[in-house]
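Results of the structural survey
One-letter residues, chain by chain:
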Amino acid sequence: MADIKCIGILTSGGDAPGMNAAIRAVTRSAIFNGFKVKGIYRGYRGIMTNEIVEFKTQNVSNIIQMGGTILKTARCKEFMTPEGRQQAYENLKAHGIDALVVIGGDGSLTGARIFANEFNFPIIGLPGTIDNDLHGTDSTIGYDTALNTIMECIDKIRDTATSHERLFFIEVMGRDAGFLALNGAIAAGAEAAIIPEISTQVDQLAELIQNGFRKSKNSSIVLVAESPVTGGAMALAERVKNEYPGYDVRVSILGHLQRGGSPTAFDRILASRMGAAAIDALLDDQRNVMIGISNDEIVYVPFAKAIKKDKPIKSELLNTLHRLSI
Ligand code: ADP
């Protein structure tokens, strides 16, 4: 193993429930294995601004149940420049940090990949994003909690949708990925999901209306993934008003609700396993990999593969939603 004594840990990009469970697992597992741990506040920006403190086991007590991230998160433009990364490298060295664990989404892992290559610096990534858009892992940290939040919100919206016999478009997060919309729709028993993976191939709205999806029902709920590709729920509702008058259409945008809350048991266990595996990976001389869990096994996913765009959506899920919405 490379001569690693001190591991820095940071959370970066969009926050996700379960990041704290991951911070706890990385910290405790590192200390268990004899490493020193330093918590870096506000993502890559904290490296530039030297917001770095030593973490003991008590620093991560009582956080497994908390949403958000105790290390805070931020976006950092400077880290996107070679000069910024040079400064970051010097600051890390000055703090005696000789490996990093980065918890974040595809942007954060893209930055990690570039930095690790430039300075031959050991970095292990953990997939922290509600979007589930990273390759090589069945689930990302925060995805399951967000999915449960979406399901609970839709259960409530369904009451009013049914009482007023309305068509509801519910916009959910996901960036360019439709996982939250599609699985949220299945979990909540919605009629359909309009997702970016399909939007370029067919006019999903026209298809829905033409299929007469409301004929036998007194209300309809359609999930829409927020994305320039789908156009978002507002734009789709406008289209319905203009092209298909007669539908009483309403929009609900769930927004940042989806990012918050106490992580589910699934996310806590996922984050704990992945956090512990990050230290195993460093002990195993791995670097430039993201920890994934695939078919219930820990896997090391090279950054280049993890951050590839367009993680595929299973057609079986689409078919299931379609068949169950008649
Ligand atoms: P997420 O990790 O949730 O996808 P962002 O895309 O905002 O979030 O990325 C978080 C941070 O990662 C950015 O503010 C930047 O500091 C770093 N980052 C993203 N892309 C790059 C890149 N191409 N080069 C260097 N750093 C990057």
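Given the structure is predicted, the values throughout are model-derived calculations rather than measurements. (Residues numbered from 1 in each chain as written. Predicted model: local features only at pLDDT ≥ 70, side-chain atom pairs only at ≥ 80, totals over all residues. Heavy atoms only, no water.)

**Describing the side chain of Asp106**
Inspection of the secondary structure puts Asp106 in helix α4 (residues 106-119). The exposure class of Asp106 is buried, given its relative accessible area of 13%. Here Lys309 takes part through its side chain, which lies 3.0 Å from a polar atom of the side chain of Asp106. Look past the residues within four positions of Asp106 in its chain and what remains in contact with it is Leu134, Arg175, Ile307 and Lys309. (Helix = DSSP H or I, 4+ residues; strand = E, 2+ residues; numbered from the N terminus. Buried < 20%, exposed > 50% of the residue type's maximum accessible area, 1.4 Å probe, protein only. Polar contact = N/O pair within 3.5 Å; in protein donor to acceptor, adjacent residues only side chain to side chain. Contact = heavy atoms within 4.5 Å.)

**Some remarks on the packing of helix α6 (residues 179-188) against helix α12 (residues 315-324)**
Their axes nearest at 10 Å, the elements α6 and α12 cross at an angle of 40°. Taken together, the axis directions place α6 and α12 in an arrangement best described as oblique. The two elements α6 and α12 cross, and the hand of that crossing is left-handed. Along its contact with α6, which presents Leu182, Asn183, Ala185 and Ile186, the element α12 presents Leu317, Leu318 and Leu321. (Axes fitted to C-alpha atoms, helices over the stretch in contact; angles between N-to-C directions. Parallel < 35°, antiparallel > 145°, perpendicular 65-115°, else oblique. Left-handed = near helix turned anticlockwise from the far one by under 90°.)

**Details of the packing of aromatic side chains**
Each aromatic ring pair is characterised by the separation of its centres together with the angle its planes make. Summed over the entire model, instances satisfying the criterion amount to seven aromatic pairs. With a centroid separation of 6.4 Å and 70° between ring planes, the pair formed by Tyr41 and Phe55 is classed as edge-to-face. Taken as a pair, Tyr41 in the loop between β2 (36-40) and α2 (43-48) and Phe55 in strand β3 (residues 52-55) lie far apart in primary sequence, 14 residues in all. Plain terms: the ring middles of Tyr89 and Phe119 are 4.5 Å apart, the flat faces sit at 10° to each other, and that makes the pair stacked. Separated by 30 residues along the polypeptide, Tyr89 in helix α3 (residues 82-94) and Phe119 in helix α4 bring together distant segments of the chain. The class for Tyr89 is partly exposed, based on a relative accessible area of 22%. Classification of Phe119 by relative accessible area gives buried; the value is 16%. Through a chain of ring-to-ring contacts, three or more aromatic side chains come together here, namely Tyr44, Phe79, Tyr89, Phe115, Phe119 and Phe121. (Phe/Tyr/Trp six-rings, centres within 6.5 Å; stacked < 30°, edge-to-face > 60°.)

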